[in-house]
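# Residue-level structure breakdown
One-letter residues, chain by chain:
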Amino acid sequence: MRDPAAFVRGNTAVARPPLVPEIALHLATEVTPLWQATETSLARGAVPPPFWAFAWAGGQALARYLLDHPELVAGREVLDIGSGSGIVAIAAALAGAAAVTAAEIDPFAAAAIALNAPLNGVALKIETRDLLDRTAAGWGVALAGDICYEEPMSSRAVALLRRIAARTGRLALLGDPGRAYLPREGLIERARYLVPTSRELEDREGREGVVFEVLPG
Ligand SMILES: C[S@@+](CC[C@H](N)C(=O)[O-])C[C@H]1O[C@@H](n2cnc3c(N)ncnc32)[C@H](O)[C@@H]1O
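A short tour of the structure in this document, coming up. (Residues numbered from 1 in each chain as written. Predicted model: local features only at pLDDT ≥ 70, side-chain atom pairs only at ≥ 80, totals over all residues.)

All right, on to the overall build of the protein then. Helix and strand counts for the protein come out as seven helices and nine strands. The C-alpha radius of gyration computed for the protein amounts to 16 Å, which stays within 12% of the reference 17 Å derived for 217 residues, consistent with globular compactness. Along the first, second and third principal axes, the C-alpha set of the protein runs to 45 × 35 × 30 Å. Buried residues in the protein amount to 47% of all 217 residues. (Helix = DSSP H or I, 4+ residues; strand = E, 2+ residues; numbered from the N terminus. Rg over C-alpha atoms; globule rule 2.2 N^0.38 Å. Buried ≥ 20, exposed ≤ 12 C-beta atoms within 10 Å, placed from the backbone.)

Structure follows, in structure tokens:
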């Protein structure tokens, strides 16, 4: 598949996540066909799963929290780690962030973010290099929605959130619905939402999406 944007457009419909209806995204209408399409027609397993085609419960919770508390990001430089569809980055931009970087290593996700940002009238910087081992310089607020499902990515992402949190005046927030690698310590709960989910994707009709402040390591 040479044209990720065409693949995104051809396998999604524009929809609004239930907890964040302010935001429009190119999303999968059914789970299984898209998962199969990425496995079979896209280079047989060499392509990551289409995380970008779903608004994950942790991302929806964090996006809701930002739209309801715009003062947390307004006027600040924001980094969204593991951006997927871009839902959290778009929420930060809508909340008035001065600049938002959506960090995402999957080129299909980057294409989805590039399509989703203008749908919502916002501009994002999309960074496809892996930033997780970087120093904390530059960003005032670091965000991550639903990134605690896989190691070692989860630990590396949380470590970056903690490095940013350690700088004076900085804030790091994580949205998570109880994934396997959610840290047990060093988090303060800020908000909790019931996020409608599909049985096909999450094996249940709702998950509790929790927004945590991430404390320095
Ligand atoms: C479950 S998705 C969450 C997407 C979105 N934040 C949400 O909540 O809907 C996690 C995303 O992290 C991305 N990811 C994995 N490793 C990464 C890395 N090293 N840097 C940036 N993104 C990464 C994956 O490609 C995937 O799109």
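As summarised here, the arrangement of the seven strands in space is 5-4-3-6-7-9-8, forming an open sheet in which the pairing is mixed. Edge positions in the sheet fall to strand 5 (125–127) and strand 8 (187–196), since each has one partner strand and no second. Averaged over all pairs of adjacent strands, the angle between their axes in this sheet comes to 20 degrees, without regard to strand direction. As paired elements, strand 6 (residues 141–145) and strand 7 (residues 171–176) share five bridges and run parallel to each other. Residue pairing for strand 7: alanine 142 is matched across the bridge by alanine 172. (Pairing = 2+ DSSP bridges. Axes fitted to C-alpha atoms, helices over the stretch in contact; angles between N-to-C directions.)

In the vicinity of the ligand, 26 residues are found, and the nearest of them are Phe51, Gly59, Gly82, Gly84 and Gly145. Contributing elements (two or more residues each) for the shell around the ligand: helix 3 (57–68) and helix 4 (87–94). (Near = placed C-beta within 6 Å.)

One can find cysteine 148 in the loop between strand 6 and helix 6 (153–165). Taking the C-alpha atoms as reference, cysteine 148 lies 5.3 Å from leucine 182; in sequence the two are 34 residues apart.

Let us now look at the pairing of strand 4 (residues 99–103). The side chains of a regular strand alternate between the sheet's two faces. When you tally the buried positions in strand 4, you get four out of five residues, the bulk of the element. Each parallel crossover has a hand, and for strand 3 (residues 77–81) linked through helix 4 to strand 4 it is right-handed. Both strand 4 and strand 5 contribute to a ladder of three bridges, which runs parallel. Bridging across to strand 5, alanine 103 finds its partner in glutamate 127. Taking the sense of rotation as the criterion, the β-α-β connection linking strand 4, helix 5 (residues 107–119) and strand 5 turns out right-handed. (Right-handed = clockwise from strand over helix to strand, strands pointing away.)

Moving on to unusual backbone geometry. In this chain, glutamate 151 is followed by proline 152 through a cis amide linkage whose omega measures 5 degrees. Unlike most non-glycine residues, aspartate 146 shows phi in positive territory, near 55 degrees. Of note, aspartate 146 is situated in the loop between strand 6 and helix 6. For aspartate 146, a count of 26 C-beta atoms within 10 Å puts it in the buried group.

The subject of this paragraph is the packing of helix 3 against helix 4. As a packed pair, helix 3 and helix 4 sit with axes 9 Å apart at the nearest point and diverge in direction by 0 degrees. The pairing of helix 3 with helix 4 is recorded here as roughly parallel in orientation. Contact with helix 3, carried on its side by Gly59, Gln60, Leu62, Ala63, Leu66 and Leu67, involves Ile87, Val88, Ala91, Ala92 and Leu94 of helix 4 and no other residues of that element. Split into classes, the residues belonging to the contact of helix 3 with helix 4 amount to nine nonpolar, two polar and no charged. (Parallel < 35°, antiparallel > 145°, perpendicular 65-115°, else oblique. Contact = placed C-beta atoms within 7 Å. Nonpolar A, V, L, I, M, F, W, Y, C, P; charged D, E, K, R; others polar.)

Helix length check: helix 3 (12 residues) gives 17 Å between terminal C-alpha atoms against 16 Å at 1.5 Å per residue, within 8%. Within helix 3, 10 of the 12 residues are buried, which leaves the element mostly enclosed by the surrounding structure. Taken as a whole, helix 3 has its buried residues at Ala57, Gly58, Gly59, Gln60, Ala61, Leu62, Ala63, Arg64, Tyr65 and Leu66. Contacts from the buried residues of helix 3 go to helix 4, strand 6, strand 7, strand 8 and strand 9 (206–214). (Expected span 1.5 Å × (residues − 1).)

A few words now on helix 5. Here helix 5 contains 13 residues, and its C-alpha end-to-end distance of 19 Å stays within 8% of the 18 Å for a straight helix at 1.5 Å per residue. Restricting attention to buried positions, one finds in helix 5 the residues Phe108, Ala109, Ala110, Ala111, Ala112, Ile113, Leu115, Asn116 and Ala117. Looking at the buried residues of helix 5, the elements they touch are helix 1 (4–10), strand 2 (25–27), helix 4, strand 4 and strand 5. Where helix 5 terminates, the next one or two residues include glycine 121, which has phi positive at roughly 70 degrees.

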